[in-house]
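Below are the chains, spelled out letter by letter.
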Amino acid sequence: MTLDESLALLGLSEAITQRWLEQLHEPHRHYHTLNHVKEMLRHYDGSSREMIAAIWLHDIIYDPRASDNEERSANQARADLPPDIDIDLVVRLILDSKHHTGGDPLTDAFNDLDLGIIGSSAGSYDRYAEQIRLEYAFVPDEVYRPARAGILRKFNERQIFRTTAFRHLESQAHFNLEREITRLEMHD
């Protein structure tokens, strides 16, 4: 699905659409951008307006210095979405993206779309890791490296993908995570 198709399905005002595009182009963003939305939509083969809204809005508020991005993104969803969309469902998907725990088929599908980059080719994953580092450029290396390695270890200790559409990426995801953890720890 393309960006234009997804926006047409949501039926938003021009002002809301423009604000979303501006937010996704904020200068501190390097990974959590419109390209991330495009990639998720490219791999989404359904037509659920709620899923599409969650794809657009799960990172609409993104401040790497804040710990409440998902909650603030959920609040924006409540304010921006038309009443004929199940806003409670969109909010649930957004809030679950904070920890990617899932548990039901729709949330699992959303999380797999969001985490798909982890199972990408080594080169694509390396670009993603570089983009995340740029978003946290304000964090000194001696703090960033162990913190990032700790986050990645938690992902590496569990099953990442829960849907049949993404399960084939599981071994590549663990390979990518192990490579980045090793690189991070080599600098300790």
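## Some details on the packing of aromatic side chains
Now for step 1: Enumeration over the complete set of coordinates arrives at six aromatic pairs.
Now for step 2: Here F161 and F166 contribute two aromatic rings whose centre-to-centre distance is 5.8 Å and whose plane-to-plane angle is 25°, an arrangement assigned as stacked. Judged on exposure class, the residue F161 and its partner F166 are both buried.
Now for step 3: An aromatic cluster of at least three residues, connected via ring pairs, comprises Y31, Y125 and Y128.
Now for step 4: Sitting over the face of the ring of F138, R65 holds its NZ or CZ atom 3.9 Å from the ring centroid.

## A closer look at helix 3 (residues 34-43)
Now for step 1: What helix 3 keeps buried is the set L34, H36, V37, M40 and L41. Down the axis of helix 3, the buried side of the element spans an arc of 155°, and every buried residue falls inside it.
Now for step 2: Here helix 3 starts with a cap whose side-chain oxygen sits 3.2 Å from the backbone nitrogen of N35, and that cap is T33.

## Quick notes on the pattern of salt bridges
Now for step 1: Enumeration according to the criterion identifies 13 salt bridges in this entry.
Now for step 2: A salt bridge links E26 to R29, with the nearest nitrogen and oxygen atoms 3.0 Å apart.
Now for step 3: What makes R29 buried here is its relative accessible area of 5%.

## Examining the side chain of T17
Now for step 1: With respect to the secondary-structure elements, T17 resides in helix 2 (residues 14-23).
Now for step 2: Residue classification places T17 among the buried residues on the basis of a relative accessible area of 12%.
Now for step 3: Filtering out sequence-adjacent residues up to four positions away, T17 remains in contact with L7 and L12.

## Remarks on unusual backbone geometry
Now for step 1: Positive phi is not limited to glycine here, since H100 has a value of about 55°.
Now for step 2: Relative to the helices and strands, H100 is located in the loop between helix 6 (87-96) and helix 7 (105-115).

## Brief notes about helix 7
Now for step 1: The element helix 7 is largely enclosed, with a buried count of eight among its eleven residues.
Now for step 2: Taken as a whole, helix 7 has its buried residues at T107, D108, F110, N111, D112, L113, D114 and L115.
Now for step 3: Those residues of helix 7 hidden inside the fold are in contact with helix 3, helix 4 (49-57), helix 6 and helix 9 (141-156).
Now for step 4: Between the side-chain oxygen of the N-cap and the backbone nitrogen of L106 there are 3.2 Å, and the N-cap of helix 7 in question is D104.

Parameters at a glance
Residues numbered from 1 in each chain as written. Predicted model: local features only at pLDDT ≥ 70, side-chain atom pairs only at ≥ 80, totals over all residues. Heavy atoms only, no water. Phe/Tyr/Trp six-rings, centres within 6.5 Å; stacked < 30°, edge-to-face > 60°. Buried < 20%, exposed > 50% of the residue type's maximum accessible area, 1.4 Å probe, protein only. Lys NZ or Arg CZ within 6 Å of the ring centre and 35° of its normal. Helix = DSSP H or I, 4+ residues; strand = E, 2+ residues; numbered from the N terminus. Arc of directions from axis to C-beta. Polar contact = N/O pair within 3.5 Å; in protein donor to acceptor, adjacent residues only side chain to side chain. Salt bridge = Lys/Arg side-chain N within 4 Å of Asp/Glu carboxyl O. Contact = heavy atoms within 4.5 Å.

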